[in-house]
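A structural walkthrough
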Amino acid sequence: MRSLAHCLLLSLAVCYSIQAQTNIKGRIVSAEGGVLKAAHVHLAYSDALAPFLSAAADSNGRFELYPAEEGLLRLQFTGVGHRKVSAAILLEAGDSIRVEVSLERWRVSESPSSLRLIGDFNNFSLAAARRMDAGDDRCFQAQFERSADTIAYQIVHELPGADGRAGSLKLADERAARFVYDGADAYYSVADAAADTVTIQYCPPDDASTVEASSVLFAAPIRKEFQAMIRAMEQGRTVLAADDRIVDGQIDLIAALEQEWRLPMRQTLLLAALQSLAQHAGAEDTLLLMSAFAELEPTSPLWAYQPSLLHSPTLRVLRPDYYEAYLHTAMHEHPSSELRAFLLYDALKSADQAEQQQYFYDRLSAQHPESPYARLARAAYAPDRMIMPGKALPDFSCDLLDSAGTTFSPENMRGRYLLLNFWATWCKPCVDEMPRLHALYKESRRSELEILSLSFDRRESDIVKFRRKYWHMPWLHTLLAAGRKSKLAQLMEVQSLPKTILVDPNGLILAVGTSLLDTSFIQKLEQVIAADAQK
């Protein structure tokens with residue numbers, strides 16, 4: 001009898017542990033209600049970070065996810081031929097969440113001017129994409145020699161952006177039998193290659209006159225209320241907790257916090273407060289600022305949702321010891337390795353002494369070697385890097401866009417200052433720097449300063465359209481269609497855009513910046529302009 005009772009108690013305990021396991025279940029369909037060829041659900045700390053947990057939906061679109069993480073996270077949903085959609089979610093241990101998701105189909109032109117093909121035969125490289133020939137039946141095709149029994153591929157469709165700039169859409173061929181998620185919000189098709197010559201044919205689907213929008217619907221009302229609050233916060237607004245009114249502009253966050261004691265909502269309001277104070281915090285906001293950092297512990301998972309909110313210049317000035325200790329704890333103990341890497345990289349960029357830089361660089365390289373932040377650090381701070389102040393600029397040559405048949409080389413610039421600006425029309429930070437770059441060019445016209453812009457765009461026409469419509473950029477230009485994989489970009493250790501290198505008349509590097517707004521870089525450049533103006 002005792003043994004039987006013991007077994008019953010054990011069974012109840014096992015059942016309870018299973019029931020208490022956090023789970024997210026639901027269904028992913030197209031916005032029109034149909035089942036997708038393939039679909040996935042992902043869980044990430046934020047849309048800016050890679051998912052740490054994913055699961056495939058079954059043939060009926062149903063999925064199950066069993067996360068161990070808690071806190072404010074992002075649910076992401078992807079499907080073949082459809083746009084990704086994401087939604088914030090606050091997970092607490094034992095939660096059982098139900099969600100219904102519908103995905104909007106990508107709009108594809110009925111008659112695209114051109115399509116290109118990438119796949120395992122060219123390492124999915126856009127720079128090495130094969131051109132697909134258009135037929136009379138609206139279909140496109142490409143042929144090549146077989147190199148394996150199967151082929152994985154994507155169709156690259158050029159799309160004009162809302163601002164007129166071109167972009168590319170990677171699509172799976174929905175007629176394929178198998179699909180694989182590419183880890184970057186898209187899918188590629190997998191097909192058998194039986195013959196010696198492989199022919200890939202793709203017929204763009206009709207562009208429906210009406211396309212339903214995506215939606216993410218949670219079953220519990222508290223989830224809907226929380227979603228409204230998160231959406232408002234992401235749009236720079238705040239939800240008044242008393243009656244759930246969404247208002248634009250500044251509101252009395254302190255009053256809202258006094259009325260809100262439900263932990264998920266209160267912590268969300270605290271994040272909203274920090275977002276507001278990040279833009280303009282005055283002395284009168286000190287109490288709210290301190291309250292937010294006091295209630296949100298350094299190890300709170302919520303920080304991974306918006307890591308940049310950990311930056312508080314006001315708190316750094318008012319309570320430097322407290323703030324440094326807070327960041328130190330987050331940097332060492334936060335459960336998100338990506339957030340710890342982010343904080344180390346940020347500390348590395350902020351360090352003004354060589355010893356400090358070396359300390360943070362070594363820690364980031366040792367503890368997070370595969371993180372994108374470690375890659376950026378290696379490009380900008382590795383002690384053995386080639387592109388750094390004091391070293392000679394490596395020699396290279398490139399063809400200039402505006403002068404057919406003209407080759408540029410730094411040797412031609414000896415006796416003049418040279419500014420290398422790596423950029424692209426699709427790079428928003430690059431475009432944001434254009435007013436400053438034009439102003440610097442205008443200021444330095446009397447001096448011996450030359451600018452060479454090296455674009456990561458795929459086609460020269462993208463640059464031509466940009467210069468006609470947006471910024472004239474009246475200096476030298478070249479195209480690096482292979483982007484970061486081009487030999488010149490690798491030679492100059494370009495890991496991200498923008499990147500700018502200032503070279504003196506003797507060919508020595510004076511300054512290197514990831515942005516024209518970098519304080520040390522701009523000071524160097526202004527010194528050069530001022531010195532030459534006095535000649």
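Worth saying up front: this structure is predicted, and the values here are computed from it rather than measured.

This part covers the overall build of the chain. Helix and strand counts for the chain come out as 15 helices and 25 strands. Buried positions account for 47% of the 535 residues belonging to the chain. Carbon and sulfur atoms make up 51% of the accessible area of the chain, which totals about 26900 Å².

Attention now goes to the sheet that holds strand β25 (residues 509-513). With respect to topology, five strands assemble into an open sheet ordered β23-β22-β21-β24-β25, the strand pairing being mixed. Two strands close off the open sheet at either side, each with one partner strand: β23 (476-479) and β25. Averaged over all pairs of adjacent strands, the angle between their axes in this sheet comes to 15 degrees, without regard to strand direction. Bridging between strand β22 (residues 449-455) and β23 involves four bridges; their strand directions are parallel. When the bridges of β23 are listed, Ser 453 appears paired with His 477. In the packing of helix α13 (residues 460-469) onto the sheet, contacts are made with β21 (417-423), β22 and β23, and the angle to β23 comes to roughly 145 degrees.

Attention now goes to the state of the cysteines. The final tally for this structure, using the stated rule, is two disulfides. Each sulfur in the disulfide pair Cys 139 and Cys 203 lies 1.8 Å from the other. Disulfide Cys 139-Cys 203: the torsion about the S-S bond is 100 degrees, which places it as right-handed. In this pair, Cys 139 is assigned in the loop between β9 (130-134) and β10 (140-145) and Cys 203 in the loop between β15 (197-202) and β16 (215-218), connecting sequence segments 64 residues apart. Classification of Cys 139 as buried rests on a relative accessible area of 7%. Take the cysteines of the chain that form disulfides and number them in order along the sequence; they join up as 1-2, 3-4.

So, on to helix α10 (residues 372-381). Where α10 is concerned, the buried positions are Tyr 373, Ala 374, Leu 376, Ala 377 and Ala 379. Along its buried surface, α10 packs onto α8 (337-350), α9 (354-367) and β24 (499-503). The backbone nitrogen of Tyr 373 lies 3.1 Å from a side-chain oxygen of the residue at the head of α10, namely Ser 371.

Moving on, we get to the environment of Tyr 66. Relative to the helices and strands, Tyr 66 resides in the loop between β4 (62-65) and β5 (71-79). Look at Tyr 66 and you get partly exposed, because its relative accessible area is 38%. Residues Tyr 66 and Ala 55 lie 11 residues apart in sequence; the distance between their C-alpha atoms is 9.4 Å. Not counting residues within four places of it along the chain, the set of residues in contact with Tyr 66 comprises Gln 21, Thr 22, Asn 23, Lys 25 and Leu 53. Side chain to side chain, Tyr 66 and Glu 64 meet in a polar contact 2.7 Å long.

This paragraph deals with the pattern of salt bridges. Going through the model one piece at a time under the given rule, you end up with 11 salt bridges. Across the pair Arg 131 and Asp 133 runs a salt bridge, and its minimum N-O distance is 2.6 Å. Accessibility expressed as a relative area gives 63% for Arg 131, which makes it exposed. A salt bridge links Asp 402 to Arg 467, with the nearest nitrogen and oxygen atoms 2.9 Å apart. Placement of the pair is Asp 402 in the loop between β19 (398-399) and β20 (407-408) and Arg 467 in helix α13, with a sequence separation of 65 residues.

Time to look at unusual backbone geometry. Phi is positive for Met 473, which is not a glycine, with a value near 50 degrees. Mapping Met 473 onto the fold places it in the loop between α13 and β23. The class for Met 473 is buried, based on a relative accessible area of 0%. Positive phi outside glycine occurs at Glu 493, with the angle close to 55 degrees. When you line up the elements, Glu 493 lands in the loop between α14 (487-491) and β24. Judged by relative accessible area, which is 16%, Glu 493 ranks as buried.

Here the focus is the packing of α9 against α10. Remark: α9 packs on α10, axes separated minimally by 10 Å, with the N-to-C direction vectors making an angle of 140 degrees. Considering the angle they form, α9 stands oblique to α10. The interaxial crossing formed by α9 with α10 has left-handed handedness. Touching Gln 357, Tyr 361 and Leu 364 of α9 are Tyr 373, Ala 374, Ala 377, Arg 378 and Tyr 381, all from α10. Taken together, the residues of the contact of α9 with α10 sort by class into six nonpolar, one polar and one charged.

Turning next to the sheet that holds strand β7 (residues 96-103). The sheet built from four strands is open, its strands ordered β4-β1-β7-β16 with mixed pairing. Two strands bound the open sheet, and with one partner strand each, they are β4 and β16. Between one strand and the next, the sheet's axes are offset by a mean angle of 20 degrees, whatever the strand orientation. Taken together, the eight bridges between strand β1 (residues 23-30) and β7 define a ladder with parallel strand orientation. Following the sheet pairing, Ile 28 is matched in β7 by Val 101.

Another aspect to go through is the confidence of the model for the chain. Residues with a pLDDT of 70 or more make up 76% of the chain, whose mean pLDDT is 77. By mean pLDDT, the top-scoring element of the chain is β4 (94), and the lowest-scoring one is strand β18 (residues 245-247) (36). Between residues 161-166, whose pLDDT stays under 50, and residues either more than four places distant or in other chains, the model counts 14 contacts. Taken as a whole, residues 236-251 scores under 50 in pLDDT and shows 32 contacts with residues more than four places along the chain or in a different chain.

Rules behind the numbers
- Residues numbered from 1 in each chain as written.
- Predicted model: local features only at pLDDT ≥ 70, side-chain atom pairs only at ≥ 80, totals over all residues.
- Heavy atoms only, no water.
- Helix = DSSP H or I, 4+ residues; strand = E, 2+ residues; numbered from the N terminus.
- Buried < 20%, exposed > 50% of the residue type's maximum accessible area, 1.4 Å probe, protein only.
- Areas by Shrake-Rupley, 256 points an atom, 1.4 Å probe, with all protein chains shown as cover.
- Pairing = 2+ DSSP bridges.
- Axes fitted to C-alpha atoms, helices over the stretch in contact; angles between N-to-C directions.
- Contact = heavy atoms within 4.5 Å.
- Disulfide = S-S within 2.5 Å.
- Polar contact = N/O pair within 3.5 Å; in protein donor to acceptor, adjacent residues only side chain to side chain.
- Salt bridge = Lys/Arg side-chain N within 4 Å of Asp/Glu carboxyl O.
- Parallel < 35°, antiparallel > 145°, perpendicular 65-115°, else oblique.
- Left-handed = near helix turned anticlockwise from the far one by under 90°.
- Nonpolar A, V, L, I, M, F, W, Y, C, P; charged D, E, K, R; others polar.
- pLDDT = per-residue confidence, 0-100.

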